[in-house]
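Here's the letter readout for the chains.
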Amino acid sequence: MRRLPVYLLLDTSGSMRGERIEAVKVGLQAMLSSLRHDPHSLEVVHLSIITFDRDVKVLMPLTSIEELVLPELETPDSGPTHMGEALEVLCQQVDREVIKSTPDQKGDWKPLLFLMTDGSPSDKQRFNNVIPVLKSKDFATIVALAAGDRAKTDSLTLIANHVVSLETVDSATFSGFFKWVSASVSSGNMSMGVTSELQLPPPPDELQIVI
Amino acid sequence: MPRDMDDHRDHSQSRSREHVEKDGANDDELLDADDDGQDIGKFDPKIAETQQFLSGETPLPDTPWSAQREGKSTVIKESDGPQINRDQPQSNRVQSASTQPTKRTVSDNAAAQRTVSDEEPNHFAAVQQTNASPLEPTAVPPTRTPQPATPPTQPNPVAVLRPASVPLPSITLVLPNGSQGKSFSVRVQPKLPANWQAAFTLEQLGFQFLNLSEHGINAQLDGQEIVFSGTPSTSGESTIEFEYTLPNDGAQDRPAIKKTGTVNWFVNPDPRSLWKTLEPDPSLPYAKIHSDHARVSGSATAIAASVRGRSHAHEGTFRDDDFVLRCDDATGWHLMVVCDGAGSAKFSRRGSQIACETVCRYIQPHYAGELASKAFEDNAREFYQDSQCGKAHAIRTSLYQSMGTAAHKAFQAIKAEAAQKAAELGDFNTTIIFTLAKRFDWGWFVGAFCIGDGGAAIYSNDSPVKVLNQPDGGEFAGQTRFLTMKDIWGSAQNIMDRIQFGVADDLTAVIAMTDGVSDPKFETDNRFFDTQCWHDLWQDMQNEVELTKKNPIADQQLLKWLDFWSPGNHDDRTIAILLP
């Protein structure tokens, strides 16, 4: 069966600790619940969660919605935001996990990437180096969320097809974002053609569109 | 210096610059780290506490305890003396309280002085004082827990305080998701505290579920594992409760305590129950009926069926597939066309329809034209007698002029429609697969023209399948080529490559299908060339469809068969079959 690989890259640096990470958890639960109730997503979506703070962790490799049990998100007290390294790990994971069509196997749908951060990459050199590699991975779309007023969008615009920002960061606004993610994923099942870029549903009002 | 050497030098210089920049980046890291540190100031301890509790890592929050311990240091201070090592052999630890009842007062004092905000420690304190907590009437007195017989040894006065400084151990459990209506059969090993693992079975710990039957499954204990079985009847997230008895763990002043735990369990809904059937917006142009079937008879019978995919019904969009069947009685040619409009193109349902209609119209004159010529018939016969006869190219050229022309007319017709609608050509994207078949006195001739995924083949019960198309898919799913792509029509060779033909003295069927059928039934390109897979498909259809040219309702049965279930495959489905 053709899978739809969806990668979530989540910032878990110290600044996410507390209310913010709790809001992310609530949002993830809501997203999962809505994917579970979309028949196509339930069958084809495979989700992976990679977190980044001072360390990069593949918290969950690509897992079908049917089998998925959300892992625990942890945040360190403080520390840098290794987004560049996270993207490197992501590229390795994509190489390892996403199946391309060959005469003997049916390929996956093009993967989707959603990245959420409330800061900016601390490892800027690594971040800049990984951009061309990331571009070569053939994502159907890359969406980046800049959460809160400390989040910087300039780096994100270098990698993402869509950059959105949240001024207020709480459960309600995060849930809005994750609902949008699940709607995008569900529509991604249907509308991917050869040349056309993935059309995303309109984002909720609380999300400001940067690009 | 040669230019490329220059480049090399530049490159190495830029490398060394990178190093400098990288150091700079590290400075950034430090700055950011500070930033993050400041953010911590905003972090709400209440939430962190809840988070810790929810995380299940500290099964019992020890924060209130340790806070108290600092606050009441005068009482607890003794416990800060020589602590008993948790890993100490049990026999050494067990004796203290039972042999030294007088020391209990210290413990009781300590317990009494705690103003406990957390339920569990509170309960514990109550049990210690009264040995019968009103909150937990089932609490087991300490004597009930079997203890190794050990001779009294030198009492350790500190041992009695040990429970106060060690969080209560607990059992945690993670359960894989179930699926509604599907058998759930798993073996799970709950996480026991490290020092219990070798010592107790779940049964000995009095482990039992409290509300499992509500969830449609049951459990059996097997040593330290639980075997679940059953079939959950409802979907959704629920909480399964369990209880067990904490053994007194060698600390005699602490009685065995009943504890409860919960595990969240998710049961996936049956995907079949989630598909909705919605009608498309009536104001949309190019309405099309959701399913269609046809049966036409000449010297052979052609049947076809086409259904709107579940994914389209769920979204309230139209069927994008289309087909057409024709038997030309005068010349004996049988035409079958199946087209798959691209899901991503907004008028593809019309693109597939135009393709079918146009091919049908423009192939018509050729039946009595060069396809009826003596030269074509001779070439076909010679090819049948000897496939190395050298006539293949001449046959291809005839098909190029007939089938190739008809397909090109379809391309032009769609282009004209797009222009008239002021729409993009890509809005009408469609694949096309069509076959022309005729019975000669020596056997069957079948020609095919294909652009895009799906495919066609000459199927025979007792000889290898002859596939009439080359796979047209890309690296990723959903990538294919369309009749409506300009580059296809740029070179004669490209068009020629899409023409294939075959001859057979006897055949069971000619079959053409869109990828809505070929994806679930063949899965990979290689399997499409595997005769056994075609036998399987044929058998599968025959279970529901009487595949004979005489069966007057074969097309209706075929339509019913098309509704087969295949996870992840819910595209429109169209299949056409020629039955000689």
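You'll find the structure just up there.
Predicted model, so just to flag it, every value in this text is computed and none were measured. Each chain has its residues counted from 1, following the order in which its sequence is written. Here every chain gets a letter starting at A, and every ligand a number starting at 1, in the order they are written. Totals for whole chains, interfaces and linings use all residues, but because this is a predicted model, local features are given only for residues with pLDDT of at least 70 and pairs of side-chain atoms are given and counted only at 80 or more. Based on all heavy atoms of the structure, the side-chain values leave hydrogens and waters out of the count.

This brings us to the state of the cysteines. Counting rule for disulfides: a pair of cysteine sulfur atoms within 2.5 Å. In total, this model carries zero disulfides over all chains according to the counting rule given. Just so you know, Cys533 of chain B is unpaired, no disulfide at all, and the nearest cysteine sulfur is the one on Cys450 of chain B, 18 Å from it.

Quick look at helix α15 (residues 515-522) of chain B now. Spacing of three or four residues puts side chains on the same side of an α-helix, whose turn is 3.6 residues. Residues and elements named next belong to chain B. Residue exposure (1.4 Å probe, protein chains only): buried if accessible area is under 20% of the type maximum, exposed if over 50%, otherwise partly exposed. A helix here means a DSSP run of H or I that spans at least four residues, while a strand means a run of E at least two residues long, and both kinds are numbered starting from the N terminus. For α15, the buried fraction is high: seven of the eight residues fall into the buried class. Listed in full, the buried residues belonging to α15 are Asp515, Gly516, Val517, Ser518, Asp519, Pro520 and Phe522. Looking one or two places after α15, you find Glu523, whose phi comes out positive at around 70°.

A few words now on helix α17 (residues 531-542) of chain B. What a helix is expected to span follows from its residue count: subtract one and scale by 1.5 Å. In this model, α17 of chain B (12 residues) spans 16 Å end to end at C-alpha, consistent with the 16 Å of a helix rising 1.5 Å per residue. Any pair of N or O atoms that falls within 3.5 Å is considered a polar contact. Within protein, one atom must be able to donate a hydrogen and the other to accept it, and sequence-neighbouring residues count only if both atoms are side-chain atoms. One side-chain oxygen at the N-terminal end of α17 of chain B lies 3.0 Å from the backbone nitrogen of Gln532 of chain B; it belongs to Asp530 of chain B.

Residues and elements named next belong to chain A. You can see Asp11 is positioned in strand β1 (residues 4-11). Within the structure, the side chain of Asp11 is placed 3.2 Å from the backbone nitrogen of Asp118, a separation counted as a polar contact. In this description, contact between two residues means that some pair of their heavy atoms is separated by no more than 4.5 Å. Beyond its immediate sequence surroundings of up to four residues, Asp11 is in contact with Met16, Ile21, Phe52, Thr81, Met116, Thr117, Asp118 and Gly119.

All names here are of chain B. A sheet is described by the order of its strands in space; here three strands give the open sequence β2-β5-β4, paired in antiparallel fashion. The outermost strands of the open sheet, each flanked by one partner alone, are β2 (186-188) and β4 (217-222). Mean inter-strand twist for the sheet, computed between neighbouring axes without regard to direction, equals 25°. Here, any two strands with at least 2 DSSP bridges between them count as paired. In this analysis, axes come from line fits to C-alpha atoms, helices being fitted only over the stretch in contact, and the angle between any two N-to-C directions falls in the range 0 to 180 degrees.

Before going further, it helps to examine the packing of aromatic side chains. In summary, the pairing rule links any two rings of Phe, Tyr or Trp, Trp by its six-membered ring, whose centres are within 6.5 Å, and it sorts them by plane angle into stacked for under 30 degrees, edge-to-face for over 60 and tilted for everything else. Per the stated rule, a full pass over the model turns up 31 aromatic pairs over all chains. With 5.1 Å between their ring centres and 35° between their planes, Tyr459 of chain B and Trp538 of chain B make a pair best called tilted. With Tyr459 of chain B in strand β14 (residues 455-460) and Trp538 of chain B in helix α17, the pair connects residues that are 79 residues apart, well separated along the chain. Grouping residues by exposure puts Tyr459 of chain B and Trp538 of chain B together as buried. Members of the aromatic cluster, joined through ring pairs, are Trp333, Phe376, Phe383, Tyr384, Phe440, Trp442, Phe445 and Phe501 of chain B. Geometry around Trp109 of chain A places Arg2 of chain A over its ring, the cationic atom sitting 5.2 Å from the centre. Directly above the aromatic system of Phe564 of chain B lies the positively charged group of Lys521 of chain B, at a separation of 4.0 Å from the ring centroid. In this scheme, Lys NZ or Arg CZ marks a charge over a ring once it lies within 6 Å of the ring centre and within 35 degrees of the ring normal.

Let us look at the pattern of salt bridges. Salt bridge, as used here: a side-chain nitrogen of Lys or Arg that lies within 4 Å of a carboxyl oxygen of Asp or Glu. Here the structure, examined in full by the defined rule, presents 23 salt bridges over all chains. One salt-bridge network, in which partners are shared between bridges, spans Arg2 and Lys106 of chain A together with Asp519 of chain B.

This part covers the environment of Ile159 of chain A. Residues and elements named next belong to chain A. Mapped onto the elements, Ile159 comes out in helix α5 (residues 156-159). Overall, the relative accessible area of 2% leaves Ile159 in the buried class. It is 28 Å that separates the C-alpha atoms of Ile159 and Leu42, two residues lying 117 residues apart in sequence. Residues contacting Ile159, with those up to four places away along its chain left out, are Leu87, Leu115, Phe127, Ile131, Leu134, Lys135 and Ile142.

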